[in-house]
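Coordinate inspection notes
Read off the chains here:
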Amino acid sequence: MFVINIFIAMVNLEWYRTFKSVYKNGNFSLAAKELFISQPAVSQQIAMLEAHVGYTLFNRKSKGVVPTEYAKLLNNLIIDALDRLENVENGFRAKAFNTNRLLSIGISKHLLGCFGSSLVSKFDFIDFTFGTNEELFDLVNSKKIDFAIVTKQYDTFDTLQQQLGEIKQVVVATPDIDLQIVKENITVNDLVAIEHWMNDQKWYSHDSGIPHIKLFWLHVFNKKRPAIIANYIIPSENEMIAILAQNTGISVVWDCNVASKIQDKELQLVWDSPKMPTTPVFLLSGKNDNLNAIAQEIAVVVKVVLE
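Going along each chain's sequence as written, the residues are numbered from 1 onward. Where totals are concerned, whole chains, interfaces and linings use all residues; where local detail is concerned, this predicted model gives features only for residues with pLDDT of at least 70, and gives and counts side-chain atom pairs only at 80 or more. Side-chain numbers come from the whole structure's heavy atoms, not from hydrogens or water.

Looking up the protein chain in an unreviewed UniProt entry gives the name DNA-binding transcriptional regulator, LysR family, with the organism given as Flavobacterium succinicans. UniProt positions are given in the numbering used here, feature names are shortened, and annotations may be inferred rather than shown by experiment. According to the UniProt record, the Sequence similarities (unreviewed entry) comment for the protein chain reads "Belongs to the LysR transcriptional regulatory family."

**Quick notes on the state of the cysteines**
In this description, the term disulfide denotes a pair of cysteine sulfurs within 2.5 Å. Scanning the entire structure with this criterion turns up 1 disulfide. Shown here is the disulfide that connects Cys114 with Cys256, its sulfur atoms set 1.8 Å apart. The sign of the S-S torsion, about 65 degrees, decides the handedness of the disulfide formed by Cys114 and Cys256: right-handed. Taken together, the residues Cys114 in helix α6 (residues 112–122) and Cys256 in helix α12 (residues 255–263) connect sequence positions 142 residues apart. Of the residues examined, Cys256 reaches a relative accessible area of 16% and is grouped as buried. For the purposes of this entry, the term helix denotes a DSSP run of H or I that reaches at least four residues, the term strand denotes a run of E that reaches at least two, and both are numbered from the N terminus. The rule is simple: take the accessible area with a 1.4 Å probe, protein chains only, and divide by the maximum for that residue type; under 20% is buried, over 50% is exposed, in between is partly exposed.

**Some remarks on helix α4 (residues 39–53)**
With 15 residues, α4 should cover 21 Å at 1.5 Å per step; its first-to-last C-alpha distance of 21 Å lies within 8% of that length. All of the buried residues along α4 are Val42, Gln45, Ile46, Leu49, Glu50 and Val53. Summarising the axial view, the buried residues of α4 lie within an arc of 135 degrees, below the 170-degree limit, and thus occupy one face. Turned more than 90 degrees off the buried face of α4, the exposed positions are Pro40, Gln44 and Ala51. Directly beyond the C-terminal end of α4, a positive phi value near 80 degrees is found at Gly54. Helix span, as expected, comes to 1.5 Å for every residue beyond the first. The arc refers to the directions leading from the helix axis to the C-beta atoms.

**A closer look at the domain arrangement of the protein chain**
By the assigned domains, the protein chain splits into domain 1 (13–93), domain 2 (103–164 + 279–306) and domain 3 (167–278). Domain extents, as shown, originate in an automatic or database domain assignment. Taking only C-alpha atoms into account, the centre of domain 1 sits 42 Å from that of domain 2.

**With respect to empty space enclosed by the protein**
The pocket and cavity definitions rest on a 1 Å grid over protein atoms only: a 1.4 Å probe that fits but cannot leave marks a cavity, an open set with protein on both sides within 12 Å along at least five of seven lines marks a pocket, and residues lining either have an atom within 4 Å of a point. Grid points are joined across faces, edges and corners, and a volume is the space filled by probe spheres set on the points. All told, the structure shown has 1 cavity of 30 Å³ or more when counted by the stated rule. In this model, the largest cavity occupies a volume close to 30 Å³. Lining the largest cavity we find Tyr204, Ser205, His206, His212, Ile213, Glu237, Met240, Ser251 and Val252. If you list the elements that add at least two residues to the lining of the largest cavity, you get β8 (204–205), α10 (211–221), α11 (237–245) and β10 (250–254). Following the grouping adopted for this structure description, the nonpolar residues are Ala, Val, Leu, Ile, Met, Phe, Trp, Tyr, Cys and Pro, the charged ones are Asp, Glu, Lys and Arg, and the polar ones are all others, Gly among them. A class-by-class count of the residues in the lining of the largest cavity yields 4 nonpolar, 4 polar and 1 charged.

So this is what it looks like as structure tokens:
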């Protein structure tokens, strides 16, 4: 008869949450702190539950409460179901929070073209922040932004990081440039002839220091300084690529930034040199359980782009 009365009495879920907390803590005050309610509210809910089940559930002592045999039986009957219900509720809240919140994502302005469109198509609210690798790491580490997509790994305790894939610098040209001769020279690995051909082209760069071009020359030609100068400096790789595609010239760019333009024949690939190393791409995020699910969703988006 006792069991039947218990199940009939299951009217208010909050009573059972309170019962669980009091049973676990053995103290009304501790239960009140855990549940973020007042101690009188805890006492009232336990009294109402006792009235419904028809049994005393806790014996009051000077330093807390002790569960009665009825309370032990009630706990055994409801604990598994209550835990499952709370897990479902917490998961739902986390999903709703993650779905509707504004995400702050740091990224280099030169890589926004790689991942920006895919991220926007996935999430409803994003606040992008531009910066260097170091600047973006500092922003995540100080919890000023949620995430950052960077090309450098950091030795850190407070910031989570995972490698998502790799990008690489390649040489591209506009469709009106005849690549037959340089392709033949690339096939036979005639570096002198290749460099001579490249020196004769119009060059575009996103930086007056031509960092991509210098790095390419270092790894591929084993030279610290190329003989070329950039004809056009456009301080955003994505904008530079867009302007390049409408004019004549060549450039060294991230492969992910030009993949779609090569596919659409707006640009053509001149050289993906095996001597040019790849650069890893990392996702940085703060240690926050509410961000874990979103971090994995961002990771999936970026990995798809890099496949």
